[in-house]
Amino acid sequence: ETGVTQTPRHLVMGMTNKKSLKCEQHLGHNAMYWYKQSAKKPLELMFVYSLEERVENNSVPSRFSPECPNSSHLFLHLHTLQPEDSALYLCASSLGTLQFFGPGTRLTVL
Amino acid sequence: SQELEQSPQSLIVQEGKNLTINCTSSKTLYGLYWYKQKYGEGLIFLMMLQKGGEEKSHEKITAKLDEKKQQSSLHITASQPSHAGIYLCGADMEPGTASKLTFGTGTRLQVTL
């Protein structure tokens with residue numbers, strides 16, 4: 001238990017669906033992150049929010065839309081995804097350099 | 001080529017044996033983090049190293065950062081089935097951007113009985 005929770009843990013969606021991933025932390029951290037983990041590839045940083053402002057967007061397609069309404073919550077809104085977007089999506093939070101990770105959402109796009 | 005290379009990519013060891021995993025970069029590592037991941041789950045923080053020559057241990061796991069701060073190793077002594085999983089190194093490679101970590105591709109460890 002790292003103090004970072006993610007829901008849902010598993011998600012199957014069609015290419016025309018709209019869904020959202022949720023991340024929550026109550027560690028008092030001021031930065032939150034979305035990562036994508038695909039087989040045999042390094043963790044890919046997608047978005048970084050610091051003090052609720054997006055400070056990093058690593059050329060992520062617009063079909064992924066992050067939202068950070070407050071320092072404890074982070075969402076990733078998904079729409080018209082492609083099969084190659086199937087992956088494990090990890091959320092992390094930090095206060096400084098050390099990041100704590102959630103358990104991830106296993107996403108399958110059909 | 002990857003900014004952060006991990007070796008080996010996978011490892012199978014017999015219970016009770018020692019093993020070492022390496023994480024190498026051509027750039028200076030301003031912070032080096034070791035994590036463990038069970039398949040399909042999140043990353044669990046193991047250890048953080050920041051100073052050249054630093055060494056930390058926890059239970060049977062020892063992590064070191066070389067003097068040049070470009071290579072780190074993770075050593076497990078007398079491995080147990082509970083050590084099985086994927087070990088990832090993450091590094092802060094840009095000074096002043098403490099929020100951005102670069103990760104290696106991971107080392108998958110299996111421990112046989």
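Structural notes, computed from the coordinates. (Residues numbered from 1 in each chain as written. Chains lettered and ligands numbered in written order. Predicted model: local features only at pLDDT ≥ 70, side-chain atom pairs only at ≥ 80, totals over all residues. Heavy atoms only, no water.)

## Describing the interface of chain A and chain B
Across the boundary between the two partners, chain A contributes 21 residues, which contact 22 residues of chain B. Here chain A packs against chain B, burying approximately 1,600 Å² in sum over the two surfaces, 60% of which is carbon and sulfur. Between chain A and chain B we count 0 salt bridges in total. Where the side of chain A that touches chain B is concerned, the elements lending two or more residues are strand S4 (31–37), strand S5 (44–50), strand S9 (87–94) and strand S10 (99–101) of chain A. No other element matches the 3 residues that S4 of chain A contributes to the side of chain A that touches chain B. Of the residues in the side of chain A that touches chain B, the class split is 11 nonpolar, 6 polar and 4 charged. (Contact = heavy atoms within 4.5 Å. Buried area = accessible area lost by both parts, 1.4 Å probe. Salt bridge = Lys/Arg side-chain N within 4 Å of Asp/Glu carboxyl O. Helix = DSSP H or I, 4+ residues; strand = E, 2+ residues; numbered from the N terminus. Nonpolar A, V, L, I, M, F, W, Y, C, P; charged D, E, K, R; others polar.)

## A closer look at the pattern of salt bridges
Tallying each qualifying case throughout the model produces 6 salt bridges over all chains. A salt bridge links Lys 41 of chain A to Glu 44 of chain A; the shortest N-O distance between them is 3.6 Å. What makes Lys 41 of chain A partly exposed here is its relative accessible area of 43%. A relative accessible area of 30% means that Glu 44 of chain A is categorised as partly exposed. A salt bridge links Glu 54 of chain B to Lys 56 of chain B; its shortest N-O distance comes to 3.7 Å. Lys 56 of chain B gets classed as partly exposed once you look at its relative accessible area, which sits at 32%. (Buried < 20%, exposed > 50% of the residue type's maximum accessible area, 1.4 Å probe, protein only.)

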